[in-house]
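Below are the chains, spelled out letter by letter.
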Amino acid sequence: MLPSRLKAIDEAVEKAIGRGDIPGAVVWLESGDEVFHRAYGHRMTSPRSEKMTKDTIFDVASLTKVLATTPAVLHLAEGGRLDLNAPVGSYIPEFLEGGIRPEPNDPDVKAADRKRITVRQLLTHQSGLPPGIFLSEADFWGHEEGVRRAASIGLIERPGTRFRYSDINFILLGEIVSRVSGQRLDEYAEANFLGPLGMHSSGFLPTGLAQSLIAPTTEIKDYGLLRGVVHDPTARRMQGVAGHAGLFSTAKDIATFLRVLMRGAPVSGIPILNESTLEAATSNQLSSELEIQRGLGWDIGSGFAYQRGEKFPKRGYGHTGWTGTSIWVDPASDTFLIVLANRNHPSESGSIKDLRIELGTLAAEAVGYTEPVPLSRVPPTSRVQTAADGAGFVLNGVDVLERDGFNVLQGLKIGLITNQTGITRTRRSTIDLLASAEGVDLRALFSPEHGIRGVLDQDSVDDTRDAATGLPVYSLYKSEFRKPTVDQVKGLDALVFDIQDIGCRFYTYISTMGLAMEAAAENELKFIVLDRVNPIGGSVVDGPVRTGEGNDFVAFHTIPVQHGMTVGELARLFNEERNVGADLTVVPVLGWDPSMSYDDTGLPWVNPSPNIRSVTQAMLYPGVGLIEFTNVSVGRGTRSPFEHIGAPWIHEGKLARDLADQEIPGVAFYPTRFTPDSSVFSGEDCGGVRFVVTNREEFRPVELGLALKRILFQSHPDTFTLPEKGNVLLRHQESIDGIVQGKDASDIREGWKDDLEDFLKRREAFLIYSR
């Protein structure tokens, strides 16, 4: 292997540690007889420091699926004890008693479809089941209760129609192994794989392993620091043994397993799995029409397979784990790469996606690959997409609706909730598109805050009539009510929502959507969301989850300030967590990766509101917007709202210096003066700072917002109205109290850490696009 590329691997991992993306890592790169094995950084940083060692034991999270559950299922199939093409109900009879979810993605799915779901479809994630079990209870489940919930959860799609990664598939597979073999999954894996292979540092309930070598993950309320306890909340509730997560292992043990998998190396002269089984497991099992490739358990070419990097050919296979673990195998060069990290220690704020891609690329270069093989942008939940459909482009929900001939709206009398952001990729208005669509009967329009054209910046918006279509426009931003009334929806079959959100809790369009969903449910109407990309991305989730009393129109649900979801994903979450009960359909975005910059989507930009005039301002809004309602101007009434703040009582030079001292990544500060011509301090000369986003990937707007609150209060405790007005949008009084008490940023963040980590798990069941 090329020494220069191995050195580059060292440097890449150290840089990721230096950025705070991960506390440490273990890397194992093996090609032929050569092995590169390194440990970096620390396996623990809190409450004390421990250096990372090569024999560190990791919670491998979803690698459990391919290191334990998949081989167990295939082993039973080889022995004739299990049929991959048999219905799941033949092994778990109670599975047939379940139904469908209240808001299925596929309107044609039926409860009877459960009879057709096979073991193979669980392995390939084509079962039609949702991504995970909804987590809201704080009670302890037990293993049997977890199985019951997985077996009874409703379908959201017809089996075999699309790929959707789901933990539920593997929870059920783990239970099938148990019922067929008479042994728990952990016992079967130990007896047939881990033990015979000499993987003595691997196991599910690692009480017999060296606890001092285990890399911890996060600290969880009622559990404390998770060390030797599985991080995944569902597996934890299932007492640590589940088919989707729960295994602990080391790089050395995983390397032993991969040699058997890749080279057929036998144990005691007998292969663990025969050659034909291994070939099937690591070859594409999905329809050739799909732009996604999955084996039996293993990932070959879905949106999750980015750890391949950009130079390994698309002929390998691998898998990733939530905690920061990943595998990629390239049979053509007799190479495999193992990266083990606990990126969610000490909190969920760590990130490893960029490092995975970089290490995959460097590993490929180390073994001689030189030509780039770009990563796929195809989202793992997408259906077939051809060149005629717009392959290579990002399509918002309205574009997909048009491409599919308006199929979900055929024969319906609809009301459209939209504004100026409701446009197609070619900038055609959704109003005009639906008004002229064959088979669609557009009867009424509904407008959110700022009106149907998005130009009104006032406390209440009146009803109007659309000049082009002659349709009534009912305002959902009136002082007396903000939900469609019975009279307004009378005679309609469905409400359709098509508005561009900007990914911030207090941006009111998602509140309008939530209230409209309630109206749809109350009046027995369908509710259809034409999904749109999140313009500030779907990877970063930050800020406190809403608490306490206040204006619910700027804090509609218990989500964090920057939620990292699309409106379609939020609609799914609202529907379940708020018990709305709407007949919900989400027309998804195609071709979008949540890590993409809006600039990379090729979609046209439309100002979503009068004072959000660029992607930069949208990115700044979740942070700078947090000081609205105080006696500080956020630049409304100037050419660059949210790109600067100020007040007559602020010394611009001192504030710029104090903010620079905070060393907030991705943003620079410059002293400035401006005079707003409207809003706060209209006509008054204000001193302040201008913000320049220097690195979008590193920038965290909530961190900027907290710094502004802290520094302004420290410098002007008698002038800045933080105690009275600082919580209007933040909605976390504990944080405001902490600022007043002089706490630093890390202590303030500690106050919302548990709720934020809980939200990350809560939202998993409702995500449509791979994170």
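Quick caveat, the model's predicted, so the values are computed rather than measured. (Residues numbered from 1 in each chain as written. Predicted model: local features only at pLDDT ≥ 70, side-chain atom pairs only at ≥ 80, totals over all residues. Heavy atoms only, no water.)

As for the pairing of strand 9 (residues 325–330)
No. 1: Of all six residues making up strand 9, six are buried, and the element is well covered by its neighbours.
No. 2: In this structure, strand 8 (residues 317–321) lies alongside strand 9, joined through five bridges in antiparallel fashion. Within strand 9, the position partnered with His 319 by the bridge is Ile 327.
No. 3: In this antiparallel pair of consecutive strands, strand 8 and strand 9, the connection spans three residues, and Gly 324 shows a positive phi of 120°. (Buried < 20%, exposed > 50% of the residue type's maximum accessible area, 1.4 Å probe, protein only. Helix = DSSP H or I, 4+ residues; strand = E, 2+ residues; numbered from the N terminus. Pairing = 2+ DSSP bridges.)

Re the confidence of the model for the protein chain
No. 1: For the protein chain, mean pLDDT is 90; residues scoring 70 or higher make up 94% of the total.
No. 2: Across residues 376–392 the pLDDT falls below 50, and counting only partners more than four positions away or on other chains, this stretch makes 47 contacts in the model. (pLDDT = per-residue confidence, 0-100. Contact = heavy atoms within 4.5 Å.)

Structural notes on the nonpolar core
No. 1: Residues Met 513, Phe 527, Ile 645 and Phe 691 are the most contacted members of the largest nonpolar core, which totals 101 residues.
No. 2: Those residues within four positions of Met 513 in sequence are excluded, and the remaining contacts are Phe 497, Phe 527, Val 529, Val 567, Leu 570, Ala 571 and Phe 574.
No. 3: Membership of the second largest hydrophobic core comes to 82 residues, among which are Val 26, Trp 141, Phe 170 and Val 230. (Core = buried A, V, L, I, M, F, W, Y, C linked by side-chain atoms within 4.5 Å.)

Some thoughts on the packing of aromatic side chains
No. 1: This structure, assessed with the given rule, holds 15 aromatic pairs.
No. 2: Arranged with centres 5.3 Å apart and planes meeting at 75°, the rings of Trp 298 and Tyr 317 form a pair that is edge-to-face. One end of the pair, Trp 298, is in the loop between helix 9 (275–281) and strand 8; the other, Tyr 317, is in strand 8, with 19 residues separating them in the sequence.
No. 3: For Trp 298, a relative accessible area of 1% gives the class buried.
No. 4: On the accessibility criterion, Tyr 317 (3% relative accessible area) is buried.
No. 5: Between Tyr 598 and Trp 605 the ring centres are 5.6 Å apart and the planes differ by 85°, which places this aromatic pair in the edge-to-face class.
No. 6: According to the relative accessible area criterion, Trp 605 is partly exposed, its value standing at 22%.
No. 7: Pairwise contacts between aromatic rings join Phe 506, Tyr 507, Tyr 509, Tyr 621 and Phe 642 into one cluster.
No. 8: Across the ring face of Trp 322, the terminal group of Arg 343 is positioned such that the distance to the ring centre comes to 4.7 Å. (Phe/Tyr/Trp six-rings, centres within 6.5 Å; stacked < 30°, edge-to-face > 60°. Lys NZ or Arg CZ within 6 Å of the ring centre and 35° of its normal.)

Section: the sheet that holds strand 10 (residues 335–341)
No. 1: Pairing is antiparallel across the open sheet formed by six strands, whose spatial order is 3-2-1-10-9-8. Edge positions in the sheet fall to strand 3 (50–51) and strand 8, since each of these pairs with one other strand and no more.
No. 2: Along the sheet, helix 1 (residues 3–19) contacts strand 1 (24–31) and strand 2 (34–44); its crossing angle with strand 2, the most-contacted strand, is approximately 15°. (Axes fitted to C-alpha atoms, helices over the stretch in contact; angles between N-to-C directions.)

Section: a negative patch on the surface
No. 1: Together, Glu 219, Glu 734, Asp 737, Asp 754, Asp 755 and Asp 758 give the surface a local cluster of negative charge.
No. 2: Elements that contribute at least two residues to the negative patch include exactly helix 20 (733–740) and helix 22 (753–764).
No. 3: Ranked by residues supplied to the negative patch, first place goes to helix 22 with three residues.
No. 4: Classification of Glu 219 by relative accessible area gives partly exposed; the value is 40%. (Patch = residues over 30% accessible without salt bridge, like charges linked within 9 Å, V, L, I, M, F, W, Y side chains within 5 Å. Areas by Shrake-Rupley, 256 points an atom, 1.4 Å probe, with all protein chains shown as cover. Salt bridge = Lys/Arg side-chain N within 4 Å of Asp/Glu carboxyl O. Lys, Arg positive; Asp, Glu negative; His and termini not counted. Charge placed at Lys NZ, Arg CZ, Asp CG, Glu CD.)

Considerations on helix 17 (residues 652–660)
No. 1: Buried within helix 17 we find Glu 652, Leu 655, Ala 656, Asp 658 and Leu 659. Projected down its long axis, helix 17 carries its buried residues within an arc of 165°, all on one side.
No. 2: The secondary structure elements touched by the buried residues of helix 17 are strand 20 (644–647), strand 21 (667–674), strand 22 (686–693) and helix 18 (701–715). (Arc of directions from axis to C-beta.)

Here we look at the pattern of salt bridges
No. 1: For the coordinates displayed, the defined rule picks out 41 salt bridges.
No. 2: Across the salt bridge formed by Arg 162 and Glu 157, the nearest N and O atoms sit 3.7 Å from each other.
No. 3: A relative accessible area of 1% places Glu 157 in the buried class.
No. 4: Across the pair Arg 749 and Asp 542 runs a salt bridge, and its minimum N-O distance is 2.8 Å. Of this pair, Arg 749 sits in helix 21 (residues 745–750) while Asp 542 is found in strand 17 (residues 542–545), placing the two residues 207 residues apart along the sequence.

Side note on the sheet that holds strand 12 (residues 441–447)
Note: strands within a sheet are paired through backbone hydrogen bonds, in either parallel or antiparallel orientation.
No. 1: Strands sit in the order 13-14-12-11-15-16-19 across an open sheet of seven strands; the sheet is mixed. In this open sheet, the two strands that pair with only one neighbour each are strand 13 (464–465) and strand 19 (583–587).
No. 2: Strand direction decides the pairing type here: strand 16 (residues 526–530) and strand 19, joined by five bridges, are parallel. Residue Lys 526 lies in a different strand from strand 19, and its bridge partner there is Asp 583.
No. 3: Its contacts with the sheet place helix 14 (residues 509–522) against strand 11 (413–418), strand 15 (494–498), strand 16 and strand 19, and it is angled at close to 155° to strand 16.
No. 4: Its contacts with the sheet place helix 15 (residues 567–577) against strand 15, strand 16 and strand 19, and it is angled at close to 160° to strand 19.

Focus: unusual backbone geometry
No. 1: Cis geometry marks the peptide bond from Ser 46 to Pro 47, where omega comes out at 5°.
No. 2: With respect to the secondary-structure elements, Pro 47 resides in the loop between strand 2 and strand 3.
No. 3: In the segment running from His 345 into Pro 346, the intervening peptide bond is cis, with an omega of 5°.
No. 4: When you line up the elements, Pro 346 lands in the loop between strand 10 and helix 10 (353–366).

Considering the environment of Arg 179
No. 1: With respect to the element layout, Arg 179 can be found in helix 5 (residues 167–181).
No. 2: Linking Arg 179 and Tyr 91, residues 88 residues apart in sequence, is a C-alpha distance of 7.3 Å.
No. 3: Residues in contact with Arg 179, not counting those within four places in the same chain, are Tyr 91, Ile 92, Pro 93, Glu 94 and Val 147.

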